[in-house]
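Analysis of the macromolecular model
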Amino acid sequence: MPKNWALKVDQFFNANPHCIIATVHVDNFPTDLPLEPNIREPNRKSSTYRQIFDSLTTEPEKFFSRHSGIVLCANKVKPNSKKTQLELEILEAQEGGSDGIINGGHTVLAFQQAKEYKYDLTQARVKVTIHIGLNEEDAKDIALASNTSAPVDARSKVNARGDYKFIKQFLAQQEREQETKFRIAYYQNQSGAPKSPQCNVNHLIKLMNCLDRNKYNPDSKSRTKHPPVSNTPSLSETERERLSKLLPLLPKGLWIEQRLFQIIEEHITKPKRKGVVDLASIDSRKNTLLPDSRYSFGFAAPADIAMPIVAAYRVFLDEQYNWIISFDEFAEDFLQHLWTNYYKKYLVSEKLAGNTVGSKICRNPVIWDNLYVCAQSFLNQQLLKMVGSNTKREELKLVN
């Protein structure tokens, strides 16, 4: 015999003749609905369940707007005369039916647990989509599609909260001023954005972190020596304020990365090399796209390969993030110096040693230390030259 359940509703409408979408009260929701159409059993230990339970019990009045809803299948659906309730007729599996919860098993389990713990759910609502008269094949098809969706990554959640807005606004201004286009992925599966890790918004944050001479200063014992290159997509208000101060330095960080890739390309495409790559972690069989759409390269490199180089430039910044020496006066010479005397030799030695894991090569603390010390020495030399030049000018003035 078919079984009947009732859903207390605020409102509902027919999306099509065989589908009803309703706003349903959680406190009266039947938690014993069959799970036959669902392709997996709910798991109390899963992160999905914990997130739903926490959202439901901490702010039940906001549950409707934060939750994607429940999908059901019923043999028949009939509203009562006052249209405050939907009566579901559900055929059980032994009766040849495929009715019950198609997607939302974890949600219904959270409802059950919250009721058992006596949480007040009177303000909680949930969207319920009810398919009417589905056959078994169609019910399983919907269940499979609903339950195998890729999980939402942390970056997408940060973007949904609007926490990348300050970066987007800055890049929009740069696009107008430089007449270029940035290809940045701010969320999962973003159409039109390449999958190259260098085009991930978190890559831009890494570049800015590398230039934070206040937070990452080896000369200060109370601070972390070098910037981390691991992904930290969660942005607090404090972090956004700090990064906002670093934003004006982002174009310089992008320039350093672009020039390093150009130098690497020049190195591996020399005619006498005949296609032999002697640099660790560089793959000439693949391509790399950088955030600025003007730059594409015929080789692949680890996303973090430029980070130690970019981080060395923070030596040339003061506490207010101003360049001690004009960037254009030293940037190219300093990069060539780092490449020729340190980084190229390091990558060649790693290749000879058989080390090819890009992440390990780029995160070796020794190379970060060496490049930082080199930067300090290079800065001192530049300052001495400036002092000497000024002294000569003063002597010339005295003679005249």
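The coordinates are above.
These lines cover the structure that appears in this document, whether it is placed above or below. (Residues numbered from 1 in each chain as written. Predicted model: local features only at pLDDT ≥ 70, side-chain atom pairs only at ≥ 80, totals over all residues. Heavy atoms only, no water.)

Remarks on the overall build of the chain
Counting its regular elements, the chain contains 13 helices and nine strands. Partitioning the contacts of the chain with sequence separation of at least 6, the portion at a separation of at least 24 is 74%. Accessible surface, the chain: about 21,500 Å² in total, of which carbon and sulfur atoms supply 49%. (Helix = DSSP H or I, 4+ residues; strand = E, 2+ residues; numbered from the N terminus. Contact = heavy atoms within 4.5 Å. Areas by Shrake-Rupley, 256 points an atom, 1.4 Å probe, with all protein chains shown as cover.)

Section: the environment of F111
Structurally, F111 is set in helix α3 (residues 105–116). Of the residues examined, F111 reaches a relative accessible area of 0% and is grouped as buried. Sequence separation of F111 and D27 is 84 residues, and the distance between their C-alpha atoms is 7.7 Å. What F111 contacts, discounting residues up to four positions off in sequence, is V26, F29, T31, L56, F63, I70, L121 and V126. (Buried < 20%, exposed > 50% of the residue type's maximum accessible area, 1.4 Å probe, protein only.)

Description of the packing of aromatic side chains
According to the stated counting rule, one finds 22 aromatic pairs in the structure shown. Taken together, a centroid distance of 5.6 Å and an interplanar angle of 80° make the contact between W255 and F327 edge-to-face. Of the two residues, W255 sits in helix α9 (residues 250–268) while F327 sits in helix α11 (residues 327–352), which places them 72 residues apart along the sequence. Overall, W255 belongs to the partly exposed group, its relative accessible area being 26%. By relative accessible area, F327 is classed as buried at 6%. With a centroid separation of 6.3 Å and an interplanar angle of 65°, the aromatic rings of F316 and F378 are classed as edge-to-face. Residue F316 is located in the loop between α10 (307–312) and α11, and its partner F378 is located in helix α13 (residues 365–399); the two are separated by 62 residues in the primary sequence. Assigned by exposure class, F316 and F378 land together as buried. (Phe/Tyr/Trp six-rings, centres within 6.5 Å; stacked < 30°, edge-to-face > 60°.)

Notes on the sheet that holds strand β1 (residues 3–16)
Here seven strands make up an open sheet; going across it, the order is β4-β5-β1-β2-β7-β3-β6 and the pairing mixed. Where the open sheet ends on each side, the last strands, each with one partner, are β4 (76–79) and β6 (100–103). Averaged over all pairs of adjacent strands, the angle between strand axes in this sheet comes to 40°, irrespective of strand direction. Note: strand β3 (residues 70–74) against strand β7 (residues 125–132), five bridges, orientation parallel. Along β7, the bridge assignment pairs C73 with H131. (Pairing = 2+ DSSP bridges. Axes fitted to C-alpha atoms, helices over the stretch in contact; angles between N-to-C directions.)

Section: the nonpolar core
Residues I167, Y313 and Y343 are the most contacted members of the largest nonpolar core, which totals 73 residues. Going through the elements one at a time, α6 (165–178), α7 (201–210), α8 (237–246), α9, α10, α11, α12 (358–362) and α13 are the ones with two or more residues in this core. Ranked by residue count, the leading element in this core is α11, at 10 residues. Dropping the residues within four chain positions of it, Y313 is found in contact with L211, W255, I256, W323, F327, F330, A331, F334 and L335. (Core = buried A, V, L, I, M, F, W, Y, C linked by side-chain atoms within 4.5 Å.)

Observations regarding unusual backbone geometry
Of note, K118 is a non-glycine position whose phi angle comes to about 65°, a positive value. By secondary structure assignment, the location of K118 is in the loop between α3 and β7. Residue class for K118 comes out exposed when judged on its relative accessible area of 72%. Despite not being glycine, S281 shows a phi value in the positive range, around 75°.

Looking at the packing of helix α1 (residues 47–58) against α3
Following both chains from N to C, one finds α1 and α3 inclined at 50°, their axes separated by 9 Å at the closest point. What the angle tells us is that α1 and α3 run oblique. The element α1 and its partner α3 pack so that their crossing is right-handed. Between α1, through T48, Y49, I52, F53, L56 and T57, and α3, the contact on the second element is made entirely by H106, T107, L109, A110, F111, Q113 and A114. In terms of residue class, the contact of α1 with α3 is made up of eight nonpolar, five polar and no charged. (Parallel < 35°, antiparallel > 145°, perpendicular 65-115°, else oblique. Left-handed = near helix turned anticlockwise from the far one by under 90°. Nonpolar A, V, L, I, M, F, W, Y, C, P; charged D, E, K, R; others polar.)

Focus on α7
In terms of residue burial, α7 counts as a mostly covered element, since 10 of its 10 residues are buried. Within α7 the residues assigned to the buried category are V201, N202, H203, L204, I205, K206, L207, M208, N209 and C210. Where α7 begins, the capping side chain belongs to N200, and its oxygen is found 2.9 Å from the backbone nitrogen of N202. (Polar contact = N/O pair within 3.5 Å; in protein donor to acceptor, adjacent residues only side chain to side chain.)

Regarding the pattern of salt bridges
According to the stated counting rule, one finds 14 salt bridges in the structure shown. Two residues, K181 and E175, come together in a salt bridge whose shortest N-O distance is 3.9 Å. Among the residues examined, K181 registers a relative accessible area of 51% and is labelled exposed. Across the pair R294 and D292 runs a salt bridge, and its minimum N-O distance is 2.6 Å. With relative accessibility at 47%, the residue R294 sits in the partly exposed group. The network of salt bridges with shared partners includes D212, K215, E239 and R242. (Salt bridge = Lys/Arg side-chain N within 4 Å of Asp/Glu carboxyl O.)

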